[in-house]
Amino acid sequence: MNTAPSALPESAGVAAPGYNAAPRPFYWSVRRELWENRSIYIAPLIVAVVVLFGFLISTGGLPDRRRTVLLLDPATAHAAIEMPYNVAAIMLIFTAFIVGVFYCLDALHGERRDRSILFWKSLPVSDLTTLLSKATIPLVVLPMVTFAIIVATQVVMLLWTSVLLIAHGMSPASTWTNFSLFQQSLILLYGLVAIALWHAPIYGWALLVSGWARRATFLWAVVPFLAIGFFEKISFGTSHFAALVKDRVFGFAPHAFAFEMHRSAAIDSLVQLTPGRYLSTPGLWLGLIFAAVFVAAAIRLRRYRGPI
């Protein structure tokens with residue numbers, strides 16, 4: 001007697017006849033970058049642990065210092081209480097930038113060096129998809145990872161400070177009122193997006209060098225800019241190129257934030273965010289155009305570049 005074959009359980013991992021799962025090459029390309037480059041999240045985590053350890057040591061005598069700080073004028077007290085949290089965020093943002101640059105410098109060079117490029121090119125994944133997945137890491141994934149780690153670090157700092165103050169008979173309200181975690185998280189998210197877009201040509205240049213250089217990618221990425229800067233200074237006595245490079249690294253802040261609305265350099269109010277001014281800055285769009293050109297050139301290089 002003929003019987004119909006029993007249905008395969010989903011856990012068997014066998015697709016039903018006629019079922020075609022979408023391959024999602026871009027998604028898996030990004031996942032592959034995360035699998036192969038664990039420093040993307042391990043390096044910020046290590047820095048966060050170091051920051052927390054240093055903060056833990058610095059809280060010795062915190063209750064006495066807090067009593068002294070609260071006797072100062074409100075603006076000075078606010079800046080003093082908020083400072084450790086801002087320092088932690090700055091250190092982790094700087095770490096993310098360094099990780100992003102070195103990741104891009106090795107993104108294509110590493111494939112060519114260990115000859116895995118021969119394997120990855122054999123897969124049905126285009127060079128465009130591969131390069132866009134690599135560019136997504138410093139522009140999207142790394143800022144998201146950094147945001148999560150910074151917020152988690154600041155939460156631990158807030159909780160430890162609160163416990164310490166309560167243990168000494170003081171109210172933790174002085175910390176929570178001077179450092180609004182929700183508001184600072186919104187400012188942080190906006191700042192990370194602004195930084196990533198402003199640094200896009202730096203990451204694009206690093207990807208291009210990674211696909212072109214046979215060795216010493218860091219030197220090939222940095223030396224041309226140093227040579228041009230020295231040549232201009234020696235020949236004409238000016239430093240316009242050096243100022244241009246400096247602006248590309250640090251110049252996002254005056255456009256993305258309104259520092260003139262506050263007496264200090266700290267950003268502690270949503271009113272100080274100026275996304276309209278930032279998005280209308282010609283330097284932002286010029287940088288994004290250069291980033292697109294660099295990535296396009298890197299795509300073409302990967303198409304014809306073989307292993308080292």
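Look up: the structure comes first, before these words.
Residues numbered from 1 in each chain as written. Predicted model: local features only at pLDDT ≥ 70, side-chain atom pairs only at ≥ 80, totals over all residues. Heavy atoms only, no water.

A. Quick peek at the overall build of the protein. Helix and strand content of the protein: 15 helices and 0 strands. By the compact-globule yardstick of 19 Å for 308 residues, the protein is too spread out, its C-alpha radius of gyration being 25 Å. Across its three principal axes, the protein shows a C-alpha extent of roughly 85 × 80 × 35 Å. Residue burial in the protein is summarised as follows: out of 308 residues, 41% are buried. Summarising the internal contacts of the protein: among those between residues at least 6 apart in sequence, 77% fall at separations of at least 24. Taken as a whole, the protein presents about 17600 Å² of accessible surface, with 73% of it coming from carbon and sulfur. (Helix = DSSP H or I, 4+ residues; strand = E, 2+ residues; numbered from the N terminus. Rg over C-alpha atoms; globule rule 2.2 N^0.38 Å. Buried < 20%, exposed > 50% of the residue type's maximum accessible area, 1.4 Å probe, protein only. Contact = heavy atoms within 4.5 Å. Areas by Shrake-Rupley, 256 points an atom, 1.4 Å probe, with all protein chains shown as cover.)

B. View of the pattern of salt bridges. Tallied over the full model, the rule gives 10 salt bridges. Note that Glu33 and Lys134 form a salt bridge whose closest N and O atoms lie 2.8 Å from each other. Taken as a pair, Glu33 in helix α1 (residues 25-36) and Lys134 in helix α7 (residues 127-167) lie far apart in primary sequence, 101 residues in all. As far as burial versus exposure is concerned, Glu33 and Lys134 are alike and both buried. (Salt bridge = Lys/Arg side-chain N within 4 Å of Asp/Glu carboxyl O.)

C. Seen up close, helix α3 (residues 62-69). Every buried residue of α3 is listed here: Leu62, Pro63, Arg66 and Val69. Down the axis of α3, the sector holding all buried residues measures 120°, keeping them to one side. Turning to α3, the residues buried within the fold contact α4 (74-107), α7 and α8 (173-178). (Arc of directions from axis to C-beta.)

D. Geometry of the environment of Pro138. Along the chain, the position of Pro138 falls in helix α7. C-alpha separation for the pair Pro138 and Phe250, spaced 112 residues apart in sequence, amounts to 17 Å. In this structure Pro138 touches Gly100, Tyr103, Cys104, Pro143, Ala196 and Tyr203, once residues within four positions along its chain are discounted.

E. Just a nonpolar patch on the surface, in detail. On the surface, a nonpolar cluster with roughly 570 Å² of combined accessible area is contributed by Phe94, Ile98, Phe102, Phe218, Leu219 and Val223. The set of elements that each furnish at least two residues to the nonpolar patch consists of α4 and α11 (217-236). By relative accessible area, Phe102 is classed as partly exposed at 45%. (Patch = residues over 30% accessible without salt bridge, like charges linked within 9 Å, V, L, I, M, F, W, Y side chains within 5 Å.)

F. The packing of aromatic side chains, seen in detail. If you walk through the whole model with that rule in mind, you get 14 aromatic pairs. On the numbers, 6.3 Å between centres and 50° between planes, the contact of Phe55 with Tyr85 is tilted. Taken together, the residues Phe55 in helix α2 (residues 39-58) and Tyr85 in helix α4 connect sequence positions 30 residues apart. Summarising the burial analysis for this pair, Phe55 and Tyr85 share the class buried. (Phe/Tyr/Trp six-rings, centres within 6.5 Å; stacked < 30°, edge-to-face > 60°.)

G. Examining empty space enclosed by the protein more closely. Under the definition given, this model contains 1 cavity of 30 Å³ or more. For the largest cavity, the calculated volume is near 120 Å³. Considering the residues around the largest cavity, the lining is formed by Ile93, Ala96, Phe97, Pro138, Leu142, Pro143, Leu192, Ile195, Ala196, His199 and Tyr203. The set of elements that each furnish at least two residues to the lining of the largest cavity consists of α4, α7 and α9 (181-198). (1 Å grid on protein atoms, 1.4 Å probe; cavity = no way out; pocket = protein on both sides within 12 Å on 5 of 7 lines; lining within 4 Å. Points joined across faces, edges and corners; volume = space filled by probe spheres on them.)

H. Looking closely at unusual backbone geometry. Positive phi values are uncommon outside glycine, yet Ala216 reaches one of about 50°. With a relative accessible area of 41%, Ala216 lands in the partly exposed category.

I. Region of the structure containing the nonpolar core. By size, the foremost hydrophobic cluster in this structure holds 44 residues, and its most contacted members are Leu131 and Leu207. Of all the secondary-structure elements, those providing two or more residues to this core are α2, α4, α7, α9, α10 (200-212) and α15 (282-304). Broken down by element, this core gets its largest block of residues, 12 residues, from α4. Setting aside residues no more than four positions away along its own chain, Leu207 makes contact with Cys104, Ala107, Leu108, Leu131, Lys134, Ala135, Val295 and Ala298. Membership of the second largest hydrophobic core comes to 13 residues, among which are Phe252, Ile267, Tyr278 and Leu284. (Core = buried A, V, L, I, M, F, W, Y, C linked by side-chain atoms within 4.5 Å.)

J. Looking closely at the side chain of Thr161. Residue position: Thr161 is located in helix α7. Since its relative accessible area comes to 2%, Thr161 is described here as buried. Among the polar contacts listed, one links the side chain of Thr161 to the backbone oxygen of Met157, at a separation of 2.8 Å. Aside from chain neighbours lying at most four places away, what touches Thr161 is Phe55, Leu62, Arg66, Tyr85 and Thr175. (Polar contact = N/O pair within 3.5 Å; in protein donor to acceptor, adjacent residues only side chain to side chain.)

K. A look at the packing of α7 against α10. At a minimum axis distance of 10 Å, the contact between α7 and α10 shows a crossing angle of 135°. Viewed along their axes, α7 and α10 adopt a mutual orientation that is oblique. Here α7 and α10 pass one another in a crossing that is right-handed. The residues of α10 that touch α7, namely those facing Leu131, Lys134, Ala135, Pro138 and Leu139, are Ala200, Tyr203 and Leu207. (Axes fitted to C-alpha atoms, helices over the stretch in contact; angles between N-to-C directions. Parallel < 35°, antiparallel > 145°, perpendicular 65-115°, else oblique. Left-handed = near helix turned anticlockwise from the far one by under 90°.)

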